[in-house]
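Each chain, letter by letter, is given below.
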Amino acid sequence: MNNAVNNGDDGIWSGTWVAERLGVELVGDDTLTGLLGLALRRNPKRAHLLVSNVLGKHVPQSPSVVHGHGLALGRRVRELLGAEETAEAVVLGYAETATGLGHSVADGLGTAPYLHSTRRPVAGVAQAGGFEESHSHATSHLLLPEDPALLVGDGPLVLVDDEFSTGNTVLNTIRALHERYPRRRYVVVALVDMRSAADAGRLDDFAREIGARVDLVTAASGTVLLPDGVLEKGQELVARYEAEAAASGDRPSAGPSAPVTRFPAFVGGTARTGPEGTATAPRQSAEADVQGNPSGARGTARPAIADPHPEDDRTLRTRPEGHLTRVDLHWPRGLPDGGRHGFTPKHRARLETALPAMTARLAEAIPEGASRVLVLGFEELMYAPLRLARELEQVVAAEVRYSTTTRSPVLAVDDPGYAIRSRIVFPAHDEPADGPGERYAYNVAGSGFDAVVAVVDSAADTRELHAPDGLLSQLAAHTPHVVLAVVPSYVPEPLYAAALSEERPAMLPEPLRGPAFSSYPPEEVGWLLQDLSDVTLEAPTEEREEAIQSGGAHYAESLPVEYQPSEQYQELFHAALETSAARIAQAVGVVTETVIAERSPRPVLVSLARAGTPVGVLMRRWAQFRHGLDLPHYAVSIVRGRGIDANALRWLAAHHDPRDVVFVDGWTGKGAITRELAAAVEEFEAGGGAAGFDAEIAVLADPGSCVRTYGTRDDFLIPSACLNSTVSGLISRTVLRADLVGPNDFHGAKFYRELAGTDVSVAFLDAVAARFPEVADAVGGAVKELLASDRTPSWEGWRAVERISEEYGIHDVNLVKPGVGETTRVLLRRVPWKILARAGAGADLDHVRLLAGQRGVPVEEVGDLPYTCVGLIHPQFTRGATGADGKAVTV
């Protein structure tokens with residue numbers, strides 16, 4: 001068999017045989033016949049099959065060519081969308097043929113997460129959607145993302161298939177998803193656009209119907225002209241050709257140099273007779289062989305079953321037909337094997353890092369002198385074998401080709417003008433949900449490969465794979481060397497499983513709630529804290545700072561004396577609340593709608609005590625007001641230099657999906673807590689804690705440009721920043737001290753019941769929530785505009801703080817507190833040095849001027865200040881006290 005025929009290198013188009021016999025015509029771009037050949041399906045729904053020469057499914061092709069076509073399409077999509085929309089895009093590929101193509105398109109976009117449909121249901125993984133592919137041999141597609149929020153959001157959805165013919169599959173998909181997860185834009189990507197003239201206008205009509213933009217990106221376009229009765233003629237031709245081949249004692253499934261025998265499939269748990277009367281053993285489940293580690297564990301890779309022929313660690317057995325070598329890839333732990341449950345840019349980066357070492361192990365198993373090597377993937381498992389083949393192509397002298405096995409039944413004819421020259425037939429070996437059946441490898445037999453590297457996932461590394469009639473035996477009949485590499489099957493673990501591990505403390509208390517702890521109603525917030533109300537922790541500010549300095553103590557080991565506002569100051573608070581309530585209400589609505597759209601349709605709000613807690617309650621109220629949602633809300637402690645309360649995270653993971661948790665704070669200054677939380681979550685996961693927490697904070701105001709999820713980036717007065725516990729449910733700052741907080745305890749805090757007479761916590765919430773109806777329309781417009789904008793953090797605030805630190809001779813960014821909220825904290829809790837105010841700042845700074853006057857702190861107006869104001873802490877008392885490690889030194 002001529003190995004170049006399917007690429008058209010000998011001048012014969014690989015669709016000639018079908019065209020001559022059925023009258024099928026392929027018309028379109030000049031490149032079309034180079035991209036496509038024709039074959040006949042063994043399928044009652046469609047006679048012909050467009051066989052791609054660059055997809056890597058039916059026709060072995062250079063892996064750089066296969067990956068390159070997907071990359072090129074992805075880059076074109078990136079150019080079409082622009083940087084802003086590309087950053088919000090999600091790519092969806094179709095099983096089984098386009099799973100690798102979709103991955104490659106996502107690579108071309110660069111920043112897009114990827115998900116492909118699957119025909120393999122996975123126990124414990126909820127279905128997020130599905131659709132039907134009417135012309136296929138296996139019609140049902142499932143969508144099983146590990147992260148349910150992957151399909152939520154308004155960014156573009158990029159749908160990738162190998163060909164765009166009638167458009168039915170894509171339109172069915174978009175319609176089903178749009179009803180559940182509506183968005184503004186879709187991009188359809190295919191190697192070839194083969195729509196007929198009658199189908200050409202359907203895409204535009206459909207876009208108008210759903211009220212969204214739908215674009216199409218393809219590498220080539222044309223159409224297939226089919227004569228009347230082509231389906232019946234095709235079926236008759238397939239039946240006649242196979243009958244003639246069977247009568248002559250030959251099969252059309254292999255070239256003349258490589259006859260292929262088909263063996264009975266294993267059915268229903270009963271052994272059936274294989275070649276020469278040997279029996280095939282009943283299937284042993286991969287799940288059953290994993291002792292003490294259920295195959296459904298989230299974030300873990302399901303191990304392969306023990307090989308049924310373990311004569312040796314590397315060389316498993318030798319047959320007369322060929323030599324089989326098993327290679328341990330050392331696949332990175334927890335790295336998904338593909339996009340069945342989602343594949344993120346972080347996963348891609350891990351794979352890129354691991355590829356050279358894995359490929360080196362494969363290269364060692366390829367015999368010296370091999371001139372032609374095939375890397376053979378497995379049905380939906382296309383991307384991992386493709387990337388391994390692409391890397392192998394760079395490090396071995398042999399010519400490397402890539403293709404995969406398939407479910408698709410196609411007639412094989414050994415003719416230079418036919419796309420499928422040979423066919424290897426073997427039984428399914430991954431316990432398919434629709435029952436046992438035949439599987440195929442095309443254009444492998446008779447292609448002169450010196451070695452074939454079979455790459456399967458561990459769910460498919462079964463007795464059927466190794467059986468006498470299995471894939472490995474069939475390959476060994478056509479190549480002297482077979483190499484087996486098994487990629488662990490990634491299966492998300494059941495919810496909360498990680499939190500129920502033996503390492504988790506056996507008993508964590510339930511959240512504290514009002515009125516026993518805090519003045520908030522019990523349904524508004526649960527505090528994942530312990531009550532230290534009976535412990536004396538307060539000291540005057542100066543004494544506290546000096547004690548920290550002299551002893552190197554941590555700032556969270558004590559509390560400042562709660563500032564008691566004067567009557568004049570309380571009047572100022574109420575006046576500020578009256579003027580800013582609507583502005584705050586709009587910011588609450590914007591940040592809540594952004595969270596629901598992008599982070600989770602039913603988020604679990606976790607506020608950072610205590611400044612974040614009023615905002616968390618308001619977000620919960622907005623979700624009730626606008627969507628009728630009763631969202632859970634908890635408050636947890638985070639301590640600079642010591643991170644977030646790990647026991648609180650364990651409790652959350654035991655009661656909720658960590659992927660639904662959204663951390664909430666009031667505002668950003670220079671972004672210190674943003675960085676602290678990111679580092680703490682990473683450390684928590686690295687230490688064996690539950691995975692899935694998103695460390696990005698959602699804030700009411702982001703004047704420091706430190707986060708992507710916010711209500712506004714304006715620096716204005718949020719009245720809850722004017723007070724301490726009396727606007728935060730009468731709860732103190734959180735405390736972390738070794739003699740009070742054990743390794744299995746929540747961090748602590750105090751409930752100041754004695755301050756109930758001046759408490760305005762609920763009054764603040766009610767005043768803002770009362771303005772929700774009047775800002776609802778404005779919130780809708782603002783959210784739409786925000787989601788379409790570039791919200792990438794610029795960290796502008798951090799740069800401004802660095803400049804101010806140097807200009808004022810402080811030389812310590814930790815003593816510079818930017819923004820109205822942080823400046824207020826300086827005046828209430830610290831030893832202030834001076835206040836910088838933006839020239840012309842008005843009522844937003846009335847309370848700052850009042851407090852500064854009471855404490856004798858100068859207020860200096862500055863013309864080019866990026867914040868409304870900045871508070872500077874006196875270095876005599878606090879140098880290092882507010883540093884990254886939370887400790888102070890004597891100066």
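If you're wondering where the values come from, they're calculated on a predicted model, not measured in any experiment.

Time to look at the environment of Pro 182. Locating Pro 182 in the fold gives a position in the loop between helix H5 (168-180) and strand E9 (185-193). In the structure, Pro 182 is positioned 27 residues away from Gly 155 in sequence and 9.8 Å away in space, judged by C-alpha atoms. Not counting the four nearest positions on each side in its chain, Pro 182 is found in contact with Gly 153, Asp 154 and Leu 177.

Along helix H6 (residues 202-210), the positions that sit buried rather than exposed are Leu 203, Phe 206, Ala 207 and Ile 210. The buried residues of H6 all sit within an arc of 100° when viewed along its axis, so they share a single face. Turned more than 90 degrees off the buried face of H6, the exposed positions are Arg 208 and Glu 209. Packing partners of the buried residues in H6 comprise strand E8 (157-164), H5, E9 and strand E10 (213-225). Just downstream of H6, Gly 211 is the residue with a positive phi angle, here 70°.

Glancing now at the sheet that holds strand E34 (residues 832-838). The strands making up a sheet associate through hydrogen bonds between their backbones, and the pairing can be parallel or antiparallel. With mixed pairing, four strands are arranged side by side in an open sheet as E33-E36-E34-E35. The strands lining the two open edges of the sheet, one partner per strand, are strand E33 (816-818) and strand E35 (859-862). For this sheet, the mean inter-axis angle between neighbouring strands, taken without regard to orientation, is 25°. Here E34 runs beside E35; their pairing, made up of four bridges, is parallel.

Two elements in contact, helix H14 (residues 567-598) and helix H15 (residues 612-627), have axes separated by 9 Å at closest approach and are oriented at 75°. The angle between the axes of H14 and H15 places the two elements in the roughly perpendicular class. Contacts from Ala 585, Val 588, Gly 589, Val 591, Thr 592, Glu 593, Val 595 and Ile 596 of H14 reach H15 at Leu 618, Met 619, Trp 622, Ala 623, Arg 626 and His 627. When the residues that make up the contact of H14 with H15 are grouped by side-chain class, the tally is nine nonpolar, three polar and two charged.

Looking now at helix H4 (residues 99-109). The buried count for H4 comes to eleven of eleven residues, which makes it a mostly enclosed element. Turning to H4, its buried residues number three or more, namely Thr 99, Gly 100, Leu 101, Gly 102, His 103, Ser 104, Val 105, Ala 106, Asp 107, Gly 108 and Leu 109. Remark: Gly 110 follows H4 within two positions and exhibits a positive phi of approximately 95°.

Taken as a whole, this structure holds 42 salt bridges when the rule is applied. Between Asp 434 and Arg 407 there is a salt bridge; the shortest N-O distance is 2.9 Å. Pair noted here: Asp 434 is in the loop between strand E16 (423-427) and strand E17 (438-442) and Arg 407 is in the loop between strand E15 (399-405) and E16, with a separation of 27 residues, a long-range link. Arg 407 gets classed as buried once you look at its relative accessible area, which sits at 10%. Among the salt bridges present, the one from Arg 713 reaches Asp 702, with a minimum N-O distance of 2.9 Å. Of this pair, Arg 713 sits in the loop between strand E31 (709-712) and strand E32 (748-749) while Asp 702 sits in the loop between strand E30 (697-701) and E31; the two residues are eleven residues apart in sequence, bridging distant segments of the chain. By relative accessible area, which is 25% here, Arg 713 ends up partly exposed. A relative accessible area of 0% places Asp 702 in the buried class. It is possible to trace a salt-bridge network through shared partners that takes in Glu 85, Asp 154, Arg 184, Arg 185, Arg 213 and Asp 215.

Counting across every chain of the model gives twelve aromatic pairs. With 5.1 Å between their ring centres and 80° between their planes, Trp 17 and Tyr 418 make a pair best called edge-to-face. Of the two residues, Trp 17 is situated in helix H1 (residues 16-22) and Tyr 418 in the loop between E15 and E16; the sequence distance between them amounts to 401 residues. Its relative accessible area of 5% is what places Trp 17 among the buried residues. Judged by centre distance (5.2 Å) and plane angle (65°), the rings of Trp 622 and Phe 625 are edge-to-face.

It is worth spelling out the pairing of strand E14 (residues 372-378) at this point. With seven of seven residues buried, E14 is to be regarded as a mostly interior element. Here E14 shows no split at all, with Arg 372, Leu 374, Leu 376 and Phe 378 on one side and Val 373, Val 375 and Gly 377 on the other all buried. Two elements, E14 and E15, share seven bridges in a ladder whose sense is parallel. Looking at the pairing, Arg 372 lines up with Glu 399 of E15.

Attention now moves to the side chain of Arg 439. Mapped onto the elements, Arg 439 comes out in strand E17. The contacts of Arg 439, once residues within four sequence positions are left out, are Glu 379, Thr 406, Arg 407, Ile 424, Val 425, Phe 426, Pro 427, Ala 428, Pro 432 and Asp 434.

Reading the values: rules and limits
Residues numbered from 1 in each chain as written. Predicted model: local features only at pLDDT ≥ 70, side-chain atom pairs only at ≥ 80, totals over all residues. Heavy atoms only, no water. Helix = DSSP H or I, 4+ residues; strand = E, 2+ residues; numbered from the N terminus. Contact = heavy atoms within 4.5 Å. Buried < 20%, exposed > 50% of the residue type's maximum accessible area, 1.4 Å probe, protein only. Arc of directions from axis to C-beta. Pairing = 2+ DSSP bridges. Axes fitted to C-alpha atoms, helices over the stretch in contact; angles between N-to-C directions. Parallel < 35°, antiparallel > 145°, perpendicular 65-115°, else oblique. Nonpolar A, V, L, I, M, F, W, Y, C, P; charged D, E, K, R; others polar. Salt bridge = Lys/Arg side-chain N within 4 Å of Asp/Glu carboxyl O. Phe/Tyr/Trp six-rings, centres within 6.5 Å; stacked < 30°, edge-to-face > 60°.

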